[in-house]
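The chain contents come next:
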Amino acid sequence: MKKQAKFVVGISVIVVALACLAWLGYGESKTYYHTIAELQSLKGAELTHRMRVGGTVAPGSIRHFTGRVDFVLEGEGKSLPVSYVGSDPLPDTFVDKSQALVEGRPTDGRFVAEVVQAKCASKYEAAPGGTVATSSTATK
Amino acid sequence: MDVFGSFALLLAFICAVYAFGGGIAAIITRHPLLVKSTRQSGIAACCLIFIATFSLEYLFFTDNFSAAYVVSHSNRALATFYKVAALWAGQEGSLLFWSFLLSIYVFSVLIAYRNKNGELMPYVGVILAGVQIFFLTLNNFVASPFKALAVPGANGAMDLVTRADGNGLTPLLQYPEMVIHPPNLYSGYTGFTIPFAFALAALLARYPGEKWIHLTRKWTMIAWCFQTAGILLGAHWAYAVLGWGGYWGWDPVENASLLPWLTGTAFLHSVMMQEKRGMMKVWNVWLVFATFILCITGTFLTRSGIVSSVHAFAQSSIGSWFVGFLIVIFSVCLVAYLKNRDYLKSESQLDAIVSRESSFLFNNLILLVSCIAVLSGTLFPVLSEAVSGSKINVGAPFFNKVNVPIGLFLLFLTGVGPLLAWRKTSLESLKRNFAWPLIVGLVAGVVIFALGCREMYSLICFSLCFFVTTTIVMEFYRGAKVIRVRSNASYLTSAIELTMRNTRRYGGYIVHMGMVLVFVGLAGVAFNQNVQKEMQPGSSIQLGKYKLVLQSFDSKPEANYTGLRLNVEVFVDNKPLMMLYPERRIFETNGETGTMVAIYSTLREDLYVVYAGQNPDTNLPVIHAYLNPLVKWIWFGGVIVVFGTLVALMPNRRAVLVLSGAQQPAPEPLVHGMTPSVTYREGHD
């Protein structure tokens, strides 16, 4: 029984330690998915979460400034002004009407994004069951 | 050819159904003719799948733009090389490719064991046919790659059309690695079907343990080898093509490929517990089951788009088929286990905490924890939505926090485990085996610390790498010395002779050595630097010891794309070193762009230069340059791992010397001060 106990202790220590690390990593990196509509109904602490929002880039809304790129994401009839402040150039697939996924936090009515992923609306394969659309990522 | 191909697929489906149904009948009736006919039907199904695959390739090579799949993934100007790869560029082709590779395995197994393992093979045949039926159902009725291109006509009906040219292959796939990475990874995924079939068959047939373990282990190693190569090639592709300076981003698709690798690795180790001590039988069977289930899950994650990924935002209805299949597999495994679990009773118990058994136990434990962590992290958006209603994603910090310590612990076990004795290890043997490695590891750690390394994990990693390398080198040295005393050959020849006599043990060490090199490379990531700058001709970036000067930029039209190229000269200490040409390719057919990263790679570090884009205001190019230390070691280590696995797969050379030696009474005088068991414990690993 003593032997068994040693193994049980050893295994528990390892599992608990790793679980703690997992919990820490989870707290550090969790990101909430929200739709644009949901974003406007968030309140309090929920607004400080890191989050991902997806939508379609409104045609003609992309404007470049020094240090940031502003554009508007649309989805479900709502729109969301976004400022991209990451340092990487935006992906090539990021154009008017492309589908984009932005990651960051809402601040003062704008969404400040550090990461923008985009995929272009695939030309031929728009039909259901169609597949690989390429995407690229820009990160901070 | 498209009708021909789809007809071949349909026939293959029928043959597989017969192999399945007839196989079950054969198991019940044991009628020899039925056994034979179902086996042949299984072989026929494989051949028909080969024919279907080749006919799809034929459509690509003949630029047949009346086939929808060809239009989507190829065009006339596409290089021949990439027309081969276009086969697995999309959903339908990938699934056919899965069937194709699985058929190669099934074909080999059915042919190789046609006159062997008579009790087991009918079961194996039925299980393999079952898996084939699932994929053939998808190939035939859900995602046929042979659909003709059709558009809605004036009268509302679909009209067949032929296009003049196709849409082209997505540029991300137009890279040499993309031609060899998916076949490797898929060979890994499909390969794990064979051990699964053997394990399940053995359980159902209550087949003697030693025999199925032996068969399963060999096929697991083959699949594992492909999986390892596939994962590393994928990492290299991500590194060289995606242009973000890294090779592993904990992307769902990457994770999916890692999961079966983790359980497969665990199995390859714990299987030895069963061979030597008759322990962990239930565990082993479930590891094999889990590996296969994770392979299917991996394919499901990749193909269904349930978790969005950089690789494919594929959204399709195919997911429910996979979920159904997973439920079926799991139920079959569970029922087989519950029905025959008494057959898996353990023959011995764990004796001591410092023993080979316990090192395997901990190895398995943490591999499994890693697997669970990666799986739950990957599925977190799905799980959290189901539990709490809000979709939460976890990123790289989560995966790294858990897996970095696990990796280091595994590295430690890599050094320690093989030198521990079975049952119980004495203090003397610990001293004898670990004194030198410990000293070397600690000294290396101190030196590296003195050289300025302050990253804790990297420091531990480097130190462990030295420790493990010393243990491995000592093992080879000891064994080679014994042979050398008898044959008077050189140390190198003796070491090769030693390896050939016990390929499994020493091949395993070579694999471990490869993993050590991989870890050296991984530890380098803590020292990555990068800088990004908008460049004018003549302006420069300083990164580490390198100075990058933009000389000029030009554009060059090619057959399939236009290349925008930067001519960057690299200086070290103000002396010109070389030119680098980071490039962006604009593909004409679909307007997509591709990045060609310029990499100057040395063992010390990679200088990695990306043409990141253009500033839209000034139209000047932006360069993103990375300095990534030690990356090359990862690829090099991968080659060693694959090599070691191939060595371990070779049959042992019969050692005349050793066999005659085994009959002599006193080996001690010859191997003074060394463990005499090195020569005599052949097959003991």
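Quantities reported herein were computed from a predicted structural model and do not represent experimental measurements. (Residues numbered from 1 in each chain as written. Chains lettered and ligands numbered in written order. Predicted model: local features only at pLDDT ≥ 70, side-chain atom pairs only at ≥ 80, totals over all residues.)

Undergrad: Please provide a residue-by-residue account of the overall build of chain A, values included.
TA: A count of helices and strands for chain A gives two helices and eight strands. In chain A, the succession of α and β elements from N to C terminus is α-β-α-β-β-β-β-β-β-β. When contacts within chain A are restricted to residue pairs at least 6 apart in sequence, long-range pairs at least 24 apart make up 49% of them. (Helix = DSSP H or I, 4+ residues; strand = E, 2+ residues; numbered from the N terminus. Contact = placed C-beta atoms within 7 Å.)

Undergrad: Quick one: what's the story with the overall build of chain B, residue by residue and with numbers?
TA: A count of helices and strands for chain B gives 22 helices and 13 strands. A compact globule built from 685 residues would reach a C-alpha radius of gyration of about 26 Å, and chain B, at 28 Å, matches this within 12%. Along the first, second and third principal axes, the C-alpha atoms of chain B reach 90 × 80 × 55 Å. Relative to its 685 residues, chain B shows a buried fraction of 52%. Within chain B, counting contacts between residues at least 6 apart in sequence, those at least 24 apart form 72% of the total. (Rg over C-alpha atoms; globule rule 2.2 N^0.38 Å. Buried ≥ 20, exposed ≤ 12 C-beta atoms within 10 Å, placed from the backbone.)

Undergrad: I'd like a description of the domain arrangement of chain B, backed by residues and values.
TA: Residues and elements named next belong to chain B. In terms of domains, chain B is made up of domain 1 (1–149 + 162–168), domain 2 (175–409) and domain 3 (527–632). Contact with domain 1, which involves 23 residues of that partner, is made by 25 residues of domain 2. Its residues assigned to classes, the side of domain 1 that touches domain 2 comprises 20 nonpolar, two polar and one charged. (Domains from an automatic or database assignment. Nonpolar A, V, L, I, M, F, W, Y, C, P; charged D, E, K, R; others polar.)

Undergrad: Which residues make up unusual backbone geometry, and what are the values?
TA: Residues and elements named next belong to chain B. At Asp573, a residue that is not glycine, the phi angle is positive and equals roughly 50 degrees. The backbone of Asn574 sits at a positive phi, close to 65 degrees, despite the residue not being glycine. Take Asn574: it is sitting in the loop between strand S7 (561–572) and strand S8 (575–580).

Undergrad: Which residues make up the environment of B:Phe300, and what values go with them?
TA: Residues and elements named next belong to chain B. Among the secondary structure elements, Phe300 is positioned in helix H11 (residues 281–304). Between the alpha carbons of Phe300 and Ile127 there is a distance of 20 Å; along the sequence they are 173 residues apart. Apart from residues no more than four positions distant in its own chain, Phe300 is found in contact with Gly319 and Phe322.

Undergrad: Go over the sheet that holds strand S13 (residues 621–629) of chain B, please, and point to the residues and values.
TA: Residues and elements named next belong to chain B. The strand order across the open sheet built from four strands is S4-S13-S12-S11, with neighbouring strands paired in antiparallel fashion. At either end of the open sheet lies a strand with only one pairing partner, and these are strand S4 (529–534) and strand S11 (598–601). The sheet shows a mean angle of 15 degrees between the axes of neighbouring strands, direction not considered. Where S4 lies against S13, six bridges are found, and the strand directions are antiparallel. Following the sheet pairing, Gln532 is matched in S13 by His624. (Pairing = 2+ DSSP bridges. Axes fitted to C-alpha atoms, helices over the stretch in contact; angles between N-to-C directions.)

Undergrad: How would you sum up the packing of helix H19 (residues 503–523) of chain B against helix H20 (residues 631–649) of chain B? Please name residues and give values.
TA: Residues and elements named next belong to chain B. Two elements in contact, H19 and H20, have axes separated by 7 Å at closest approach and are oriented at 170 degrees. On the basis of their axis angle, the class for H19 and H20 is roughly antiparallel. Considered class by class, the residues forming the contact of H19 with H20 number 17 nonpolar, nine polar and one charged. (Parallel < 35°, antiparallel > 145°, perpendicular 65-115°, else oblique.)

Undergrad: Before we move on, can you summarise helix H8 (residues 193–205) of chain B with the specific residues and values?
TA: Residue and element names in this part refer to chain B. With 13 residues, H8 should reach 18 Å at 1.5 Å per residue; the first-to-last C-alpha distance of 18 Å fits that figure. Of all 13 residues that make up H8, 12 are buried, and the element is covered over most of its length. Of the residues making up H8, those classed as buried are Thr193, Ile194, Pro195, Phe196, Ala197, Phe198, Ala199, Leu200, Ala201, Ala202, Leu203 and Leu204. Two residues or fewer after H8 comes Arg206, characterised by a positive phi angle close to 50 degrees. (Expected span 1.5 Å × (residues − 1).)

Undergrad: How would you explain the nonpolar core if you had to name every residue and give the values?
TA: Residues and elements named next belong to chain B. Counting residues in each nonpolar core, the largest one holds 185 residues, and the members touching the most others are Ala12, Val124, Phe198, Ala199, Ala201 and Phe519. Among the elements that make up this core, the one with the highest residue count is helix H9 (residues 209–241) (19 residues). The next biggest cluster of nonpolar side chains, apart from the first, holds 19 residues, and it includes Val597, Ala598, Leu607 and Tyr626. (Core = buried A, V, L, I, M, F, W, Y, C linked by C-beta atoms within 7 Å.)

Undergrad: Kindly report on helix H5 (residues 91–112) of chain B, identifying the contributing residues and their values.
TA: Between its terminal C-alpha atoms H5(B) stretches 32 Å, which fits the 32 Å expected from 22 residues at 1.5 Å a residue. Summarising burial for H5(B): 17 of the 22 residues are buried, a large majority.

Undergrad: How would you sum up the environment of A:Glu28? Please name residues and give values.
TA: Inspection of the secondary structure assignment puts A:Glu28 in helix H1 (residues 2–29). The sequence separation of A:Glu28 and A:Arg50 amounts to 22 residues, and the corresponding C-alpha distance is 9.7 Å.

Undergrad: Tell me about the packing of helix H18 (residues 491–501) of chain B against H19(B), and please be specific about residues and values.
TA: Residue and element names in this part refer to chain B. Contact geometry for H18 and H19: axes closest at 5 Å, N-to-C directions at 115 degrees. From H18, Leu498, Thr499 and Met500 reach across to H19, where they touch Thr503, Tyr506 and Gly507. Looking at the contact of H18 with H19 residue by residue, the classes come out as three nonpolar, three polar and no charged.

Undergrad: Would you mind going over the pairing of strand S5 (residues 78–84) of chain A in detail, with residue names and values included?
TA: Here seven bridges tie strand S4 (residues 68–75) of chain A to S5(A), and the two strands are oriented antiparallel to one another. Bridge pairing links A:Val69 to A:Tyr84 in S5(A).

Undergrad: Please give an account of the environment of B:Gln532 that cites residues and values.
TA: Within the element layout of this structure, B:Gln532 appears in strand S4. For the pair formed by B:Gln532 and B:Ile623, sequence separation is 91 residues and the distance between their alpha carbons is 5.7 Å.

Undergrad: Lay out the confidence of the model for chain B with the relevant residues and their values.
TA: Reading fine detail from the predicted coordinates is not recommended where pLDDT is low. Residues and elements named next belong to chain B. Averaged over all residues, the pLDDT of chain B is 85; the fraction at 70 or higher stands at 93%. Residue range residues 309–314 is modelled with pLDDT below 50. Its contacts to residues more than four positions away, or to other chains, number 23 contacts. Low pLDDT, under 50, characterises residues 657–685; the stretch is placed with 29 contacts to residues that sit more than four places away or in other chains. Across the predicted assembly, pTM comes out at 0.87 and ipTM at 0.77. (pLDDT = per-residue confidence, 0-100.)

Undergrad: How would you summarise the confidence of the model for chain A if you had to cite specific residues and measurements?
TA: Residues and elements named next belong to chain A. Mean pLDDT over chain A stands at 75; residues scoring 70 or higher make up 84%. Ranking the helices and strands of chain A by mean pLDDT puts S5 first, with 88, and strand S8 (residues 135–138) last, with 40. Across residues 121–140 the pLDDT falls below 50, and counting only partners more than four positions away or on other chains, this stretch makes 66 contacts in the model.

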